[in-house]
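# A closer look at the structure
Chain by chain, the residues run as shown.
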Amino acid sequence: MPHAAVPHPATPARTAAAVAARATGLSKVYGHGETRVVALDSVDVEFGRARFTAIMGPSGSGKSTLMHCMAGLDSVTSGSARIGDVELATLGDKQLTRLRRDRIGFIFQAFNLLPTLTALENITLPMDIAGRRPDREWVGRVVETVGLSGRLKHRPAQLSGGQQQRVAVARALAAQPEIIFADEPTGNLDSRSGAEVLGFLRESVRAMGQTVVMVTHDPVAAAYADRVVFLADGRIVDELADPTADAVLDRMRRFETAGRTS
Ligand SMILES: Nc1ncnc2c1ncn2[C@@H]1O[C@H](COP(=O)(O)OP(=O)(O)OP(=O)(O)O)[C@@H](O)[C@H]1O
Ligand SMILES: [Mg+2]
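We now turn to the structure provided with this report. This structure is a prediction, so every number in the text was calculated from the model and none was measured.

## A closer look at the overall build of the protein chain
Scanning the protein chain from terminus to terminus reveals 8 helices and 10 strands. For 262 residues, the compact-globule formula gives about 18 Å, and the C-alpha radius of gyration of the protein chain, at 18 Å, lands near that figure. Principal-axis analysis of the C-alpha atoms places the extent of the protein chain at approximately 55 × 45 × 45 Å. Every one of the 262 residues in the protein chain was classed for burial, and the buried ones make up 45%. Here the analysis covers contacts within the protein chain between residues at least 6 apart in sequence; of these, 67% occur between residues at least 24 apart. Put simply, the protein chain has 31 plus and 29 minus side-chain charges, and the middle of one group is 4 Å from the middle of the other.

The following block contains the structure:
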């Protein structure tokens, strides 16, 4: 029975305070003419505050584009992207830079570490730029959890790929931003380090009220989230609350079958 698709009249609209970020009719088109790609096609989605949301979908379905638009790293073609109640399109470059710096943490698919800084300097860089004093105890806990205690004085080139990824994860968590966008944060980690990072992300949501939005291809990683949103061809096609790895896998198989028969 398709009851989930019918809006429930008794459900009150969620207040702005309960929503950390929101896309409304968000479209993103790259290129023109023959190279035109509709990366996002009128996406409506809300990311609840103090919630851990996973975004899944095939390669090229628009996951990274959605994260970049929501984090103010890329402009939208039409529709709206909001952080809290701030409409990103209304901000000038300086205001956007400040919002990203003060309110958003981003873990990229590529790590974007500064090669001349040590691991610790990379981790505290966003706070240094913002002129904020790092909470030493918290930074210590983050560093320990991602298993970097013995590597804090190393530069990125002296670290393995997985260690560099952990620096990027620690950098986003250390500043305790209003919302963290993570693009496959455990893609380069072995399963044990991956599980530690995911467990820590989940714990930061439950215990500290951190808001996390994470792209992943891995049903096991998605199962750490409170909710999974599925993208295909730039559209939200499904979602799942309180996911288990099996339920996610099952949903993914259904899309694959639908894709093959259409
Ligand atoms: N800067 C760009 N210029 C032109 N097209 C782009 C650009 N960035 C992304 N695209 C296109 O937009 C679509 C969505 O890309 P996106 O990177 O969001 O996919 P994704 O779901 O993150 O995929 P993956 O799982 O492989 O990371 C793709 O077809 C891609 O080729
Ligand atoms: Mg991507």
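So much for the structure itself; the text now carries on.
## Section: the packing of aromatic side chains
Inspection of the entire model under this criterion finds 3 aromatic pairs. In textbook terms, an aromatic cluster arises when at least three aromatic residues are bridged by ring pairs, as seen for F106, F108 and F181.

## A word on the site of ligand 1
Around ligand 1, the surrounding shell holds 13 residues, and the nearest of these are S59, G60, K63, S64 and T65. Between S59 and ligand 1, the recorded distance is 2.5 Å, taken from a side-chain N or O atom to an oxygen atom. Between an oxygen atom of ligand 1 and a main-chain N or O atom of S61, the distance comes to 3.2 Å. Calculation on ligand 1 without its partners gives an accessible area of 640 Å², and the protein chains cover 62% of this total.

## Some points on the side chain of R171
Locating R171 in the fold gives a position in helix α5 (residues 161-174). Buried charged residue R171 carries no salt bridge. Nearest counter-charge: D128, at 11 Å.

## A short note on the pattern of salt bridges
Tallied over the entire structure, the rule returns 11 salt bridges. The salt bridge partner of D238 is R251, with a shortest N-O separation of 2.8 Å. Note that D238 is positioned in strand β10 (residues 235-241) and R251 in helix α8 (residues 245-261), a separation of 13 residues in sequence. In this structure, R254 engages D250 in a salt bridge whose closest nitrogen and oxygen atoms are separated by 3.4 Å. Of this pair, R254 and D250 both sit in helix α8, separated by 4 residues, roughly a single helical turn.

## A closer look at the packing of α5 against helix α6 (residues 191-208)
Taken N-terminus to C-terminus, the directions of α5 and α6 make an angle of 5 degrees; their axes are 12 Å apart at the nearest point. Judged by the inter-axis angle, α5 sits roughly parallel to α6. On α6, the residues that touch R166, V169 and L173 of α5 are S193, V197, F200, L201 and S204. Taken together, the residues that form the contact of α5 with α6 break down as 5 nonpolar, 2 polar and 1 charged.

Cut-offs used in this document
Residues numbered from 1 in each chain as written. Chains lettered and ligands numbered in written order. Predicted model: local features only at pLDDT ≥ 70, side-chain atom pairs only at ≥ 80, totals over all residues. Heavy atoms only, no water. Helix = DSSP H or I, 4+ residues; strand = E, 2+ residues; numbered from the N terminus. Rg over C-alpha atoms; globule rule 2.2 N^0.38 Å. Buried < 20%, exposed > 50% of the residue type's maximum accessible area, 1.4 Å probe, protein only. Contact = heavy atoms within 4.5 Å. Lys, Arg positive; Asp, Glu negative; His and termini not counted. Charge placed at Lys NZ, Arg CZ, Asp CG, Glu CD. Phe/Tyr/Trp six-rings, centres within 6.5 Å; stacked < 30°, edge-to-face > 60°. Near = heavy atom within 4 Å. Polar contact = N/O pair within 3.5 Å; in protein donor to acceptor, adjacent residues only side chain to side chain. Areas by Shrake-Rupley, 256 points an atom, 1.4 Å probe, with all protein chains shown as cover. Salt bridge = Lys/Arg side-chain N within 4 Å of Asp/Glu carboxyl O. Axes fitted to C-alpha atoms, helices over the stretch in contact; angles between N-to-C directions. Parallel < 35°, antiparallel > 145°, perpendicular 65-115°, else oblique. Nonpolar A, V, L, I, M, F, W, Y, C, P; charged D, E, K, R; others polar.

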